[in-house]
Amino acid sequence: MPDLIGPEARYLAALRDGRLTFQRREDGGTVFPPRLVAPGDGAPLSWAESAGFGVIHSITEQPQRPPAPPRLLVLVDLDEGFRMLSHLASGPVPSIGTRVRALIDREGEIPSVAFEVVP
Amino acid sequence: MSPDHAFPRGATAIAGAATFGVGECPGFTALEMTAKAGLMALADAGLELTDVDALFTALPEDILGGLALAEHLGVNARFVDNNRTGGSSFLNHLMTAAFLIDARYIRTALITYGSNQRSASGKLVSALRPSVHEAPHKPMMPITGYGLSAARHMHLYGTTRDDLGAVALAARGWAALNPEAFRRDPLTLEQYHAARIVSSPLGVLDCCLVTDGAAAVVLTATDRARDLAHPPVAVLGAGTMTTHKEIAQMPDLTVTGAVQSGARAYAAAGYGPADMDMVQLYDAFTINTILFLEDLGFCPKGEGGRFVQGGAIAPGGRLAVNTNGGGLSCVHPGMYGLFTLVEATRQIRGQAGARQLAKADLAMCHANGGVLSSQTSVILGALETL
């Protein structure tokens, strides 16, 4: 019985339920964003759930017209071994390597994952 | 034998080149500018519209622009290529055209592009469409991607804002010598540092211009080009590489596919970086120049920031980079790639006026598409380099 929805819809449905999921190859490698098969060699994939912790791989600060605070766009390396583009809540600009954790926003038109610095 | 050597080295040449409407070109549509640059490139070659049997374009806001151009020019083309890989599109067009000409399927390829985005919208018109993974974060693209790459490069290699500024100042120095360039007023490092930050570490003066402008080249067989208006500018080698679409999927934020595209082009041409008299590269942001000089073999990885210091790539420096002023100071109508080919052609022909290089026989032309996603390298040379 084939899946009735594609991997992107399945990922978004899990996120809507509050779970950040990614995929794993049998050899342990991680795949994100979700695919039908592993990129490169077509190996089969299984789903797994992330604990939502990672480190900032890179960060860029984008000043806004006052009084809006600057926006902080980040690339986060999740502990499980995949990378996401996201944003941090405004505040002091953390350095590359800072530990962060996921905050799932289930309410948006598209559910999404923001991050905050681990206190 | 590596497939890189299957590229038809020297079999084709740029016979005509032109720019039109660089800076501001109100009153023209993008399609009209594209067509006008094409007609001017044909006239430059001494060819007629009736000679054209293949069209290559990627219009900014019309995804079927190749059809619109065929209709507008009324060309009975055997081949129309509307391939879109961002700003590298036109160098990919040139690769395809070179193979088709060498196979004798087409004789005369017109590669042309124009945009009126400064006059029409005043903002960069980007073809990037975000995925569900990017869209909720509302990243300003493409600059967010380049800011993230630049921040990582600084973190790993100690690259500084002064290094990025050196790229901006060098581009302005060349532009001052080019009457066609849009920004020619002197630029100091103080002014560079005072400019508003857009996406750290990149500020306004790290970003390419938003201008109108059009460019075109005519490609034909080198043997045929010998009988045309100008000495042929031979296509010695080319290569391309795509590593990702969105910045989160870039395998390494500080290493681009120019490593592979450059290696393929050098292998096809039989020349290396030390042989190049100039580099014409797509400087959408100052970090691009640093990344591409590293990845195309002009300095080791991580050394790009130090390499560009002290006027090294400015007029009179040790390596001539973007002798027209580049996307940073000459022209950037949304996609710049094709202008690298036109400027190299002008230099190799000796038509570059005050900015003419004393030795201008071999050029590395390199263009980028997306957020460091698509990289294409083309090596052009004077007939003596064949």
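The rules behind the values
- Residues numbered from 1 in each chain as written.
- Chains lettered and ligands numbered in written order.
- Predicted model: local features only at pLDDT ≥ 70, side-chain atom pairs only at ≥ 80, totals over all residues.
- Helix = DSSP H or I, 4+ residues; strand = E, 2+ residues; numbered from the N terminus.
- Rg over C-alpha atoms; globule rule 2.2 N^0.38 Å.
- Buried ≥ 20, exposed ≤ 12 C-beta atoms within 10 Å, placed from the backbone.
- Core = buried A, V, L, I, M, F, W, Y, C linked by C-beta atoms within 7 Å.
- Contact = placed C-beta atoms within 7 Å.
- Nonpolar A, V, L, I, M, F, W, Y, C, P; charged D, E, K, R; others polar.
- pLDDT = per-residue confidence, 0-100.
- Pairing = 2+ DSSP bridges.

## Re the overall build of chain B
(1) Moving on: A count of helices and strands for chain B gives 13 helices and 11 strands.
(2) Moving on: Here chain B has a C-alpha radius of gyration of 19 Å; the compact-globule value for 386 residues is 21 Å, and the two agree.
(3) Moving on: A principal-axis box enclosing the C-alpha atoms of chain B has dimensions of 50 × 40 × 40 Å.
(4) Moving on: When the 386 residues of chain B are sorted by exposure, 62% land in the buried category.

## Some points on the environment of B:Thr160
(1) Moving on: Tracing the sequence through the fold places B:Thr160 in the loop between α5 (143-157) and α6 (161-175).
(2) Moving on: For the pair B:Thr160 and B:Gly305, spaced 145 residues apart in the sequence, the C-alpha separation amounts to 7.1 Å.

## Some details on the nonpolar core
Residue and element names in this part refer to chain B.
(1) Moving on: Among the nonpolar cores identified, the biggest contains 154 residues, and Leu 94, Ile 111 and Leu 380 are the most heavily contacted of them.
(2) Moving on: When residues in this core are grouped by element, the largest group, nine residues, is from α6.
(3) Moving on: For Leu 380, the contacting residues outside a window of four places in its chain are Ile 14, Val 233, Ala 234, Val 235, Leu 236, Ala 344, Thr 345, Ile 348, Ala 363 and Cys 365.

## A closer look at the interface of chain B and chain A
(1) Moving on: Taken together, the contact pairs 23 residues of chain B with 20 residues of chain A.
(2) Moving on: Among the secondary structure elements, those contributing two or more residues to the side of chain B that touches chain A are α5 and β5 (197-199) of chain B.
(3) Moving on: No other element matches α5(B), which puts six residues into the side of chain B that touches chain A.
(4) Moving on: Here the side of chain B that touches chain A is composed, by residue class, of 12 nonpolar, eight polar and three charged.

## Let's talk about the confidence of the model for chain B
(1) Moving on: Taken over all residues, the pLDDT of chain B has a mean of 97, while the share at 70 or more is 100%.
(2) Moving on: As a predicted assembly, this complex carries a pTM of 0.97 together with an ipTM value of 0.96.

## Some words on unusual backbone geometry
(1) Moving on: The residue after A:Phe32, namely A:Pro33, is reached through a cis peptide bond having omega -5°.
(2) Moving on: Following the sequence through the fold, A:Pro33 ends up in the loop between β2 (30-31) and β3 (45-49).
(3) Moving on: With an omega of 10°, the peptide bond running from A:Pro66 to A:Pro67 counts as cis.
(4) Moving on: When you line up the elements, A:Pro67 lands in the loop between β4 (53-62) and β5 (71-78).
(5) Moving on: Non-glycine residue B:Lys138 carries a positive phi angle of around 45°.
(6) Moving on: Counting through the fold element by element, B:Lys138 comes out in the loop between α4 (117-120) and α5.

## A few points about the pairing of β4(A)
All names here are of chain A.
(1) Moving on: β4 sits mainly inside the fold: seven of its 10 residues count as buried.
(2) Moving on: Summarising the sheet, β4 and strand β7 (residues 99-105) pair through three bridges and their orientation is antiparallel. Within the sheet, the bridge partner assigned to Gly 54 lies in β7 and is Val 100.
(3) Moving on: Note: β4 against β5, eight bridges, orientation antiparallel. Its bridge partner being in β5, Gly 54 is matched across the sheet by Leu 78.

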